[in-house]
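# Residue-level structure breakdown
The chain contents come next:
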Amino acid sequence: MAKRFRSGALGIMGLAVTFSTLAQEYAPPTESAATQDALTGATPAMRAPPMRSGYHYQSAEIRALQDDDFANPGMLWVDQGDALWRESGPAGEPSCESCHGEPSSFRGVAVRYPRYDESTGGLINLEGRINRCRRERQKQPPLPYESEPLLALTALLAHQSRGMPLSVSIDGPAREFYEAGKEYYYTRRGQLNLACNHCHELNPGRYLRGDRLSQGQPTGYPVYRLDWQTLGSLQRRLRFCNTGVRAEPHEFGDPTWLNLELFLGWRARGLLSETPAVRR
């Protein structure tokens, strides 16, 4: 694996991508060491302090854009979400505000998602919780993934926990879903035969063509990406990564993504929420 990163070229999204610069600063662990890490639960990124969000790997200009609420484009979705929060249904169905009051009452909620849901015996993320309220309380159809209203409401609620540490739970019945997400994270896939950890644990801080690899921490979702020119969910980013290694991505809302979200949330525990983050 180390040899491939030093001299090989990887085609991602149809582009020839070289890792020749990686060896100048970093000699990645052997495959057997990475496999042993996966079995024991210890990983290079977890062992090497400090854990860092994607904010650390951005340029000064992008960090400044995120830090300024007047310039941060993601705040447009937060404002849109606030308007939707106070909006009644077409037939007078209750608004979110009529049940929950101000959005600020949700401070500390988003950082605990995804979580185990007793009613379904599976995981539910923040988007799923919003859609459950729509379906059960407002008698409205669920909002599709990546739709503007769902992104806006998710951004609004996640924004209430900005500055709070991620604190998902993997206790009790959640553990099996965490283990499934962990297994997926360390499993090679696609035509490029790469796992998530090959980029985000073995090579954070190095450049993949024009992009600087991060630790892949889910601290700012929904996130505004300059290459998307819009806000997007964590599952959109996961699908993009699958496509990048030439693997068939799962559909939005697939349990595989929920498992991976839980693992990533646990992996990032203690890092602060940044929603809406800005990334390149």
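Worth saying up front: this structure is predicted, and the values here are computed from it rather than measured. (Residues numbered from 1 in each chain as written. Predicted model: local features only at pLDDT ≥ 70, side-chain atom pairs only at ≥ 80, totals over all residues. Heavy atoms only, no water.)

### What to know about the nonpolar core
Among the nonpolar cores identified, the biggest contains 23 residues, and Trp 77, Trp 85, Leu 126, Ile 130, Leu 157 and Leu 231 are the most heavily contacted of them. Contributions of two or more residues to this core are made by helix H5 (75-85), helix H7 (126-136) and helix H8 (148-159). Sorting elements by how many residues they give to this core places H8 first, with eight residues. Contacts of Trp 85, omitting those with residues within four sequence positions, involve Ser 95, Cys 96, Glu 97, His 100, Gly 101, Glu 102, Pro 103, Phe 106, Leu 153, Leu 156 and Leu 157. Val 168, Tyr 178, Tyr 186 and Leu 262 belong to the second largest nonpolar core, which has 18 residues in total. (Core = buried A, V, L, I, M, F, W, Y, C linked by side-chain atoms within 4.5 Å. Buried < 20%, exposed > 50% of the residue type's maximum accessible area, 1.4 Å probe, protein only. Helix = DSSP H or I, 4+ residues; strand = E, 2+ residues; numbered from the N terminus. Contact = heavy atoms within 4.5 Å.)

### Some thoughts on the packing of aromatic side chains
In the structure shown here, the tally under the stated rule is eleven aromatic pairs. Note on Tyr 184 and Trp 257: the rings are 6.0 Å apart at their centroids and 80° apart in plane angle, and the pair reads as edge-to-face. In this pair, Tyr 184 is assigned in helix H9 (residues 174-185) and Trp 257 in helix H12 (residues 255-267), connecting sequence segments 73 residues apart. Exposure remark for Trp 257: the relative accessible area of 0% places this residue in the buried category. On the numbers, 5.1 Å between centres and 50° between planes, the contact of Tyr 185 with Phe 263 is tilted. Pair noted here: Tyr 185 is in helix H9 and Phe 263 is in helix H12, with a separation of 78 residues, a long-range link. We classify Tyr 185 as buried; its relative accessible area is 2%. (Phe/Tyr/Trp six-rings, centres within 6.5 Å; stacked < 30°, edge-to-face > 60°.)

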